[in-house]
Amino acid sequence: MPLYEYDCQDCGERFETLVSARGKDDAKKCPGCGSEATTRALSTFAVGTASKRSDACATCCPGGTCGLQ
Ligand SMILES: [Zn+2]
């Protein structure tokens, strides 16, 4: 089963939980405050890498081509 990260919209807690294919769209309760106002977070590793590369290219060249040269 995949392990997903969730962010609690009420207290800001980030937690990981195993999600079965059948239950992947179910609301997950925050272990900190019990709120069900949680959203699935994308992989921090993948998001962080893409975001950094995009920011760097936006400031030094149009279209983000500098990383390929
Ligand atoms: Zn919470």
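Residues numbered from 1 in each chain as written. Predicted model: local features only at pLDDT ≥ 70, side-chain atom pairs only at ≥ 80, totals over all residues. Heavy atoms only, no water.

It is not clear to me how the overall build of the protein should be interpreted in this structure. Could you clarify?
Of regular secondary structure, the protein possesses one helix and three strands. Each helix (α) and strand (β) of the protein, taken in turn from the N terminus, gives the series β-β-β-α. In the protein, which comprises 69 residues, the proportion classed as buried is 20%. Taking contacts inside the protein between residues at least 6 apart in sequence as the whole, the part at least 24 apart equals 34%. (Helix = DSSP H or I, 4+ residues; strand = E, 2+ residues; numbered from the N terminus. Buried < 20%, exposed > 50% of the residue type's maximum accessible area, 1.4 Å probe, protein only. Contact = heavy atoms within 4.5 Å.)

Just checking my understanding: could you explain the coordination of the zinc ion for this structure?
As a benchmark, a tetrahedral metal site with four donors has ideal angles of 109.5 degrees, while an octahedral site with six donors has ideal angles of 90 or 180 degrees. Within the first shell, the zinc ion binds the protein through Cys8 (SG), Cys11 (SG), Cys30 (SG) and Cys33 (SG), at distances of 2.3 to 2.4 Å. Coordination at the zinc ion is tetrahedral, judged from the four donor atoms that bind it and the angles of 105 to 117° they form at the metal. Counting gaps between the donor residues of the zinc ion yields the pattern C-x2-C-x18-C-x2-C. Remark: Cys33 occurs in the loop between β2 (14-18) and β3 (38-41) and Cys11 occurs in the loop between β1 (3-8) and β2; sequence separation between them is 22 residues. (Donors = N, O, S within 2.8 Å, 3.2 Å for Na, K, Ca; no water. Tetrahedral: all angles 85-135°; square planar, octahedral: opposite > 155°, others 65-115°.)

In this structure, what is going on with a nonpolar patch on the surface? I would like to understand it.
On the surface, Met1, Leu3 and Leu18 cluster together into a nonpolar patch covering about 350 Å² of accessible area. As for its position among the elements, Leu18 is in strand β2. Note on Leu18: relative accessible area 49%, which makes it partly exposed. (Patch = residues over 30% accessible without salt bridge, like charges linked within 9 Å, V, L, I, M, F, W, Y side chains within 5 Å. Areas by Shrake-Rupley, 256 points an atom, 1.4 Å probe, with all protein chains shown as cover. Salt bridge = Lys/Arg side-chain N within 4 Å of Asp/Glu carboxyl O.)

Help me understand the pairing of β2 in this model?
Remember that side chains alternate between the two faces of the sheet whenever the strand is regular. Inspection of the sheet shows β1 paired to β2 by five bridges, in the antiparallel sense. Opposite Glu5, over in β2, you have Glu16 as the bridge partner. (Pairing = 2+ DSSP bridges.)

I tried to follow the pattern of salt bridges on my own but got confused; where do I start?
One pass over the full model with this rule turns up two salt bridges. Across the salt bridge formed by Arg14 and Glu5, the nearest N and O atoms sit 3.5 Å from each other. Judged by relative accessible area, Glu5 falls into the buried class, the value being 17%. A salt bridge links Arg14 to Asp7, with the shortest nitrogen-to-oxygen separation between them at 2.7 Å. When salt bridges with common partners are traced through the structure, they connect Glu5, Asp7 and Arg14 into a single cluster.

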